[in-house]
There are 2 protein chains.
Amino acid sequence: MTDWNELDVKEARMAGHAQGTHLDPWQDAYAAKAAHLKESEIRALFAVVSRPEVVSLAGGMPNISDLPLDQLAESAHRLITSHGAQVLQYGSGQGWEPFLESIAEVMAVEHISADPGNISVTTGSQQAIDIVTQLFIDPGDVIVAESPSYVGALGVFAAQQADVRHVEMDENGLIPEALDERIRDLKAAGHRVKFLYTCPNYHNPSGVTLSEERRPQAAEVCRRHHVLIVEDNPYGLLGFSGRTYPAIQTYWPDGVVYLGSFSKIFAPGFRIGWAYAPAWIRKKIVLSLESAVLSPSMVGQMALHGYLRDYDWYGQVTTYRDMYRSRRDAMVDALTEFLPTCQWTVPDGGFYTWVKLPEGVNSKTMLPRAVTELVAYTPGTAFYADGQGTDYMRLSYCYPPEDEIREGVRRLARVVSREVELQHMFSPDRSGGHE
Amino acid sequence: MTDWNELDVKEARMAGHAQGTHLDPWQDAYAAKAAHLKESEIRALFAVVSRPEVVSLAGGMPNISDLPLDQLAESAHRLITSHGAQVLQYGSGQGWEPFLESIAEVMAVEHISADPGNISVTTGSQQAIDIVTQLFIDPGDVIVAESPSYVGALGVFAAQQADVRHVEMDENGLIPEALDERIRDLKAAGHRVKFLYTCPNYHNPSGVTLSEERRPQAAEVCRRHHVLIVEDNPYGLLGFSGRTYPAIQTYWPDGVVYLGSFSKIFAPGFRIGWAYAPAWIRKKIVLSLESAVLSPSMVGQMALHGYLRDYDWYGQVTTYRDMYRSRRDAMVDALTEFLPTCQWTVPDGGFYTWVKLPEGVNSKTMLPRAVTELVAYTPGTAFYADGQGTDYMRLSYCYPPEDEIREGVRRLARVVSREVELQHMFSPDRSGGHE
């Protein structure tokens, strides 16, 4: 009875407020893992980014303005008039067979000879990360990931209560010796190490690529420790020199779940990605997908299938490469000119550069001041599971055109130098350093 | 060591087989809940159903042959040429705002005055079931569901290791007194009862509809016990008389998560559904969705938005109603003529009738014999979490045309009467009854 009275008092107090500000009556009903759902730092930025006066170097939206819209419109029209009853219907849980074959052809570009029967179509490769994580992770299980790692994957890992441990990278990507040592120590300490999550090509956020010689080494380390590899590869075809690296999957087909995406080599709007896994794991992925969404969108699958079959999709990829290379150049030029006190990676492909701030400047606390100066970036802390990253920021050059990139970095430089000044002003050295 | 020797023997025996038949080297790596992923009985039927000579009364595929494909093709063309850069891009995790407003207008038909800000767009309403279940269910938590209940939801519940308890229905749907008693007993026994999962309109698989007077009663029972309601409503607009019932949501807006779908009132191919929830829960749903898929397909959202805005979508719903009513009539006529030894429900809308077989006939063991006679159905056991349902089968009249429905039931009648004969032949009474 006391409980009810208390509730009544609270309800009376809150009467007239909007529902969202009431105390959540379901607070005690959520699953334990619901407490681990957190708003990502990138998400909090969305509202800011949408203001046109802000130069956003924060998001990861591809620039799709070069797509041949008239041709795509024609294809969509033809698809619906000629195959409408199929395109608008349910499909199979794993994906539409002709489309699985098209995907295998895309994978062949990265040296993978894929059995279409082991491909599963997902609602963007984000869903593949979610499904694979749910398939392998019990609360407390360890996922090993690069230091730093993709914010969207870290969100999934947190939601499934994984214990994420980072492994050092250098300019050639993940360091196999460090990986070996880390896994050995974790296992020795009794941890269940479930998989390595890695983005070998034009890494998000670091922009670094795993060297070709390290690929078999990374596979061998994991094979020896019997640790699965989840190889996330949305940017692999976007190398600025046109070079494509063999996937880690090619060195250990039985131990790698490879994730692919059309969001960067075509467009994100259909939300179509895929997972390629050994048959044992693929079977469980398909059951998970059926449970999650019944079947992937036939509209998306058939439209993409038509695009891959009827259109010079690889020519479009080369167009994208040229465009992103110019933007990378604009970014690096601007950093060189305006931010000489910082260090940054020079990516050979993809969307991002990873910038180390001058000693003592905090990317998280600096962000509101940057937004005041009408420029946005993603603080480095978003890319770690353990609070690291305050001295880094990710700058994206994928979406804004070159002159905006330059203007964004110019504004950012102003913010950084003010931070440095402030820091000097209040540092122990300057203020007398007593204690 | 003994274990390894055994493994070696097995592996040697299996050498040369396809990968899928090898022992899974990752067997010990899966999460505990992966063991609960089961192939649904409906899934196993898919291979059979696709053979053209089989009349399938098993699936739940809508008949979308009446859709105005030429107009839809025109709309798609216009959408891509005029809004291509938006339609092919990422969107927000919750959904595209103008589309949320369109959905609110659809919900108004079922007496719900929805705040668009509390709608979340999902990849089919299946994803909404999955997300809500993950949000509330820790292993062992109880979900109360009708007896029988939707197979696709039961699959999700099993995957999340929920303890599903069924509650009796009669011809007016879920019985509020039985619900009350069941929840009371479960709580008294120390169970955490998390939600009631219910499909009030033209229930899948029973075909029964919750009467209008029971709706506030069901809401009140749950409110009193502080048990959330998940109201799954894919068929609500497909009432053959044109009547629409007020959603349970309208009686308890703070305690109901309402799930909607475009798969039956338009088409499934875009995989677009939605969840409508109180703001506290909606916030967590959106975070879960972002983690699962980043954002729903803009292609699907913008295409559906255009369809709802530019096309007489409600007129299409009335076309569907007429078509499905004729098929329901064909089904009931055929049952009356060919299967008088069975009992069945006469649905006022939706896709399904629920058939009780003659005493002792087992729908699960009968299925292979039915398929031999070129007719398929879904055994009743698919719709229970606890092995019940051997004496029931679900017959769908949604996809096959009327003459095929009639022919399917005729074939089924032959199978049933042979089962009855066999049973008589071997029953204790006939064989002398010694024991």
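For the structure given in this document, a descriptive report is provided here. (Residues numbered from 1 in each chain as written. Chains lettered and ligands numbered in written order. Predicted model: local features only at pLDDT ≥ 70, side-chain atom pairs only at ≥ 80, totals over all residues. Heavy atoms only, no water.)

### Some words on the environment of Tyr258 of chain A
Residue and element names in this part refer to chain A. Tracing the sequence through the fold places Tyr258 in strand 8 (residues 256-261). A relative accessible area of 2% means that Tyr258 is categorised as buried. A sequence separation of 28 residues divides Tyr258 from Val230, and the C-alpha atoms of the two residues are 6.0 Å apart. Within the structure, Tyr258 has its side chain in polar contact with the side chain of Glu110 (distance 3.1 Å). A polar side-chain atom of Tyr258 sits 2.9 Å from a polar atom in the side chain of Asn233. (Helix = DSSP H or I, 4+ residues; strand = E, 2+ residues; numbered from the N terminus. Buried < 20%, exposed > 50% of the residue type's maximum accessible area, 1.4 Å probe, protein only. Polar contact = N/O pair within 3.5 Å; in protein donor to acceptor, adjacent residues only side chain to side chain.)

### What about the interface of chain B and chain A?
Tallying the contact residues gives 88 residues for chain B and 88 residues for chain A. For the pair chain B and chain A, the two sides together bury roughly 7,300 Å², of which 62% comes from carbon and sulfur. Summed over the shared surface of chain B and chain A, the number is 35 residue pairs in polar contact (both at pLDDT 80 or more). Secondary-structure elements contributing two or more residues to the side of chain B that touches chain A are helix 3 (69-87), helix 5 (124-136), helix 6 (151-159), helix 9 (279-293) and helix 10 (298-310) of chain B. (Contact = heavy atoms within 4.5 Å. Buried area = accessible area lost by both parts, 1.4 Å probe.)

### Regarding the packing of helix 4 (residues 97-108) of chain B against helix 10 of chain B
Residues and elements named next belong to chain B. Packing of helix 4 against helix 10 brings their axes to within 9 Å, and their N-to-C directions diverge by 45 degrees. When the axis of helix 4 is compared with that of helix 10, the two are oblique. Of the two elements, helix 4 crosses helix 10, and the hand of that crossing is left-handed. For the pair helix 4 and helix 10, contact is made by Pro98, Phe99, Ser102 and Val106 and by Gln301, Leu304, His305 and Leu308, respectively. (Axes fitted to C-alpha atoms, helices over the stretch in contact; angles between N-to-C directions. Parallel < 35°, antiparallel > 145°, perpendicular 65-115°, else oblique. Left-handed = near helix turned anticlockwise from the far one by under 90°.)

### Points about the pattern of salt bridges
Evaluation of the coordinates by the stated rule reveals 38 salt bridges over all chains. Within the structure, one salt-bridge network assembled from shared partners comprises Asp141, Arg192 and Lys194 of chain A. (Salt bridge = Lys/Arg side-chain N within 4 Å of Asp/Glu carboxyl O.)

### Looking at the packing of helix 5 (residues 124-136) of chain A against helix 9 (residues 279-293) of chain A
Residues and elements named next belong to chain A. Where helix 5 contacts helix 9, the axes come no closer than 10 Å and their chain directions differ by 110 degrees. The orientation of helix 5 with respect to helix 9, classified from their angle, is roughly perpendicular. Here the hand of the crossing between helix 5 and helix 9 comes out right-handed. Residues Gln127, Ile131, Val132, Leu135 and Phe136 of helix 5 form the contact with helix 9, whose participating residues are Ile281, Lys284, Ile285, Ser288, Leu289, Ala292 and Val293. In terms of residue class, the contact of helix 5 with helix 9 is built from 9 nonpolar, 2 polar and 1 charged. (Nonpolar A, V, L, I, M, F, W, Y, C, P; charged D, E, K, R; others polar.)

### Points about the relation of the copies chain B and chain A
The relation between the two chain copies is a rotation about an axis coupled with a shift along that axis. Least-squares fitting of chain B to chain A yields an RMSD of 0.0 Å, with the superposition described by an axial translation of 0.0 Å and a rotation of 180 degrees. Classification of the inter-copy transformation places it as that of a two-fold axis. Considering only C-alpha atoms, the part of chain B nearest the rotation axis is His77 of chain B, at 2.8 Å. When the interface residues of chain B are mapped onto chain A, 100% of them are again interface residues, pointing to one common binding face. (Least-squares fit on C-alpha atoms with pLDDT ≥ 70 in both.)

### Here's the deal with a nonpolar patch on the surface
All names here are of chain A. Residues Leu422, Met425 and Phe426 make up a contiguous nonpolar surface patch of about 340 Å² in total accessible area. Within the fold, Met425 resides in helix 13 (residues 402-426). Residue classification places Met425 among the exposed residues on the basis of a relative accessible area of 53%. (Patch = residues over 30% accessible without salt bridge, like charges linked within 9 Å, V, L, I, M, F, W, Y side chains within 5 Å. Areas by Shrake-Rupley, 256 points an atom, 1.4 Å probe, with all protein chains shown as cover.)

### Here's the deal with helix 10 (residues 298-310) of chain A
All names here are of chain A. Spanning 13 residues, helix 10 covers 18 Å between terminal C-alpha atoms, matching the ideal 18 Å at 1.5 Å per step. Among the 13 residues that make up helix 10, 10 are buried, leaving the element largely enclosed by the rest of the structure. Of all the residues in helix 10, the buried ones are Met298, Val299, Gly300, Gln301, Met302, Leu304, His305, Gly306, Tyr307 and Leu308. Residues of helix 10 that are buried make contact with helix 3 (69-87), helix 4 (97-108), strand 2 (119-122) and helix 11 (313-338). (Expected span 1.5 Å × (residues − 1).)

### A few points about the sheet that holds strand 8 of chain A
All names here are of chain A. Read across the sheet, 8 strands follow the order 2-9-8-7-6-3-4-5 without closing on themselves; strand pairing throughout is mixed. The open sheet has two edge strands, strand 2 and strand 5 (173-174), and neither has a second partner. Most of the contacts of helix 7 (residues 176-188) go to strand 4 (residues 163-170), to which it runs at about 155 degrees, and overall it touches strand 3 (142-147), strand 4, strand 5 and strand 6 (193-198). The sheet contacts of helix 9 involve strand 2, strand 7 (228-232), strand 8 and strand 9 (273-276), and relative to strand 2 the element is tilted by about 25 degrees. (Pairing = 2+ DSSP bridges.)

### Describing the packing of aromatic side chains
Aromatic ring pairs are defined here through the distance separating the ring centres and the angle between the ring planes. One pass over the full model with this rule turns up 36 aromatic pairs over all chains. Ring plane angle 90 degrees and centroid distance 5.8 Å describe the contact between Tyr235 of chain B and Tyr352 of chain B, whose orientation is recorded as edge-to-face. Taken together, the residues span a long stretch of sequence, with Tyr235 of chain B in the loop between strand 7 (228-232) and strand 8 (256-261) and Tyr352 of chain B in strand 11 (residues 352-356) at a distance of 117 residues. A single burial state applies to Tyr235 of chain B and to Tyr352 of chain B, both of which are buried. Site record: aromatic cluster; members linked through ring pairs are Tyr235, Tyr320, Tyr324, Phe351 and Tyr352 of chain A. Taking the ring centre of Tyr30 of chain B as reference, the NZ or CZ of Lys284 of chain A above it sits at 4.7 Å. In this arrangement the basic side chain of Lys356 of chain A is found over the ring face of Tyr392 of chain A, its NZ or CZ atom lying 5.5 Å from the centre. (Phe/Tyr/Trp six-rings, centres within 6.5 Å; stacked < 30°, edge-to-face > 60°. Lys NZ or Arg CZ within 6 Å of the ring centre and 35° of its normal.)

### Things to note about the nonpolar core
Residues Phe262 of chain A together with Phe136, Phe157, Phe262, Ile281 and Ile285 of chain B are the most contacted members of the largest nonpolar core, which totals 214 residues. With sequence-adjacent residues up to four places away left out, Phe157 of chain B is seen in contact with Ile129, Thr133, Ile143, Ala162, Val164, Phe195 and Tyr197 of chain B. In this structure, Ala162, Leu196 and Phe383 of chain A together with Ala34 of chain B belong to the second largest nonpolar core, which totals 60 residues. (Core = buried A, V, L, I, M, F, W, Y, C linked by side-chain atoms within 4.5 Å.)

### Observations regarding the sheet that holds strand 6 (residues 193-198) of chain B
Residue and element names in this part refer to chain B. With respect to topology, 8 strands assemble into an open sheet ordered 2-9-8-7-6-3-4-5, the strand pairing being mixed. Because the sheet does not close on itself, it has two edges, and the strands there are strand 2 (119-122) and strand 5 (173-174). Of the pairings in the sheet, the one linking strand 3 (residues 142-147) to strand 6 comprises 4 bridges and is parallel in character. Across the sheet, residue Ala145 finds its bridge partner in strand 6, namely Tyr197. Across the face of the sheet, helix 8 (residues 214-225) comes into contact with strand 4 (163-170), strand 5, strand 6 and strand 7 while running at roughly 145 degrees to strand 7.

### As for the pairing of strand 9 (residues 273-276) of chain B
Residue and element names in this part refer to chain B. Of the two faces of strand 9, the one carrying Gly273 and Ala275 and the one carrying Trp274 and Tyr276 are both buried. Two elements, strand 2 and strand 9, share 4 bridges in a ladder whose sense is antiparallel. Opposite Ser120, over in strand 9, you have Ala275 as the bridge partner. In the sheet, strand 8 pairs with strand 9 via 4 bridges, with the strands oriented antiparallel. Paired with Ser261 across the two strands is Gly273, which belongs to strand 9.

By themselves, these figures tell us nothing about what the structure is for.
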